[in-house]
Amino acid sequence: MTPTLKPSVIKYKPQIEYLTEENCYINELSNNDTDESASIARARVEPGITTRWHRLSGVTERYVILSGEGIVEVDDMSPTHVKSNDVVIIPQNYRQRIRNTGNQDLVFLAVCTPRFTESCYEDVESVME
């Protein structure tokens, strides 16, 4: 039986942020099996860092840039400068990475539909080299 989604407020917990293997700090703001339709994570990339090439199988991702600036690359799309309030749409199975080109952290929301799970993540860095 599918869990029922109920009204709720999820409080921000900065202490649960963790560093991923792709060089990006993640805080899972909303990601659990009671809401299979979407997940929301706060991502943070430090100045000068480029995340690893990766793709999400069966999951569409949207980056909502909150602060900082960078260059995003999605599949064969030209590298594109992004800054606060820009939205990047990454269709499912498209490779992606982002580079922080500024002097402060690049912070964005990663909104995934359906929700992100570890099984959908694929590192494709070695394929790109």
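Predicted model only: the values in this text are computed from it and were never measured. (Residues numbered from 1 in each chain as written. Predicted model: local features only at pLDDT ≥ 70, side-chain atom pairs only at ≥ 80, totals over all residues. Heavy atoms only, no water.)

### Details of the nonpolar core
Within soluble globular proteins, side chains that are nonpolar generally end up buried alongside one another.
Alright, step 1. One finds Tyr 63, Ile 65, Val 72, Val 88, Ile 98 and Phe 108 to be the most contacted residues of the largest nonpolar core, which totals 16 residues.
Alright, step 2. Counting only elements with at least two residues in this core, the list comes to strand S3 (39–45), strand S5 (60–67), strand S6 (69–74), strand S8 (87–90) and strand S10 (106–113).
Alright, step 3. Beyond its immediate sequence surroundings of up to four residues, Ile 98 is in contact with Val 45, Ile 49, Thr 50, Thr 51, Tyr 63, Ile 65, Ile 71, Val 72, Val 82, Leu 106 and Phe 108.
Alright, step 4. If you look at the next biggest cluster of nonpolar residues, it comprises five residues, including Leu 56, Val 59, Cys 112 and Cys 120. (Core = buried A, V, L, I, M, F, W, Y, C linked by side-chain atoms within 4.5 Å. Buried < 20%, exposed > 50% of the residue type's maximum accessible area, 1.4 Å probe, protein only. Helix = DSSP H or I, 4+ residues; strand = E, 2+ residues; numbered from the N terminus. Contact = heavy atoms within 4.5 Å.)

### Side note on the sheet that holds strand S1 (residues 18–19)
Alright, step 1. In space, the six strands of this open sheet follow the order S1-S2-S3-S10-S5-S8, with antiparallel pairing throughout. Bordering the open sheet on either side are S1 and S8, each of which pairs with just one other strand.
Alright, step 2. Pairing of S3 with S10 involves seven bridges; the strand directions are antiparallel. The residue of S10 that forms the bridge with Arg 44 is Val 107. (Pairing = 2+ DSSP bridges.)

### With respect to the side chain of Glu 61
Alright, step 1. Along the polypeptide, Glu 61 turns up in strand S5.
Alright, step 2. It is Arg 62 that comes nearest to the buried, bridge-free Glu 61 among opposite-charge side chains, at 8.8 Å.
Alright, step 3. Non-local contacts of Glu 61, meaning those with residues more than four positions away in its chain, are made with Leu 56, Val 88, Ile 89, Ile 90, Gln 96, Ala 110, Val 111 and Cys 112. (Lys, Arg positive; Asp, Glu negative; His and termini not counted. Salt bridge = Lys/Arg side-chain N within 4 Å of Asp/Glu carboxyl O.)

### Remarks on the packing of aromatic side chains
Alright, step 1. Following the criterion strictly, the structure yields one aromatic pair and no others.
Alright, step 2. Seen from their ring centres, Tyr 63 and Phe 108 are 4.4 Å apart, and the 40 degrees between their planes marks the pair as tilted. Linking Tyr 63 in strand S5 with Phe 108 in strand S10, this pair joins segments that are 45 residues apart in sequence.
Alright, step 3. Judged by relative accessible area, which is 3%, Tyr 63 ranks as buried. (Phe/Tyr/Trp six-rings, centres within 6.5 Å; stacked < 30°, edge-to-face > 60°.)

### Quick look at the environment of Glu 69
Alright, step 1. Tracing the backbone shows Glu 69 in strand S6.
Alright, step 2. For Glu 69 and Ser 30, which are 39 residues apart along the polypeptide, the C-alpha to C-alpha distance reads 24 Å.
Alright, step 3. With sequence-adjacent residues up to four places away left out, Glu 69 is seen in contact with His 81, Val 82, Lys 83, Arg 99, Asn 100, Thr 101, Gly 102 and Leu 106.

### Here we look at the pairing of strand S7 (residues 80–83)
Alright, step 1. Two elements, S6 and S7, share four bridges in a ladder whose sense is antiparallel. Note on S7: the bridge partner recorded for Gly 70 is Val 82.
Alright, step 2. Linkage of S6 to S7, two consecutive antiparallel strands, is achieved through a turn of five residues, within which Asp 75 is found at a positive phi near 50 degrees.

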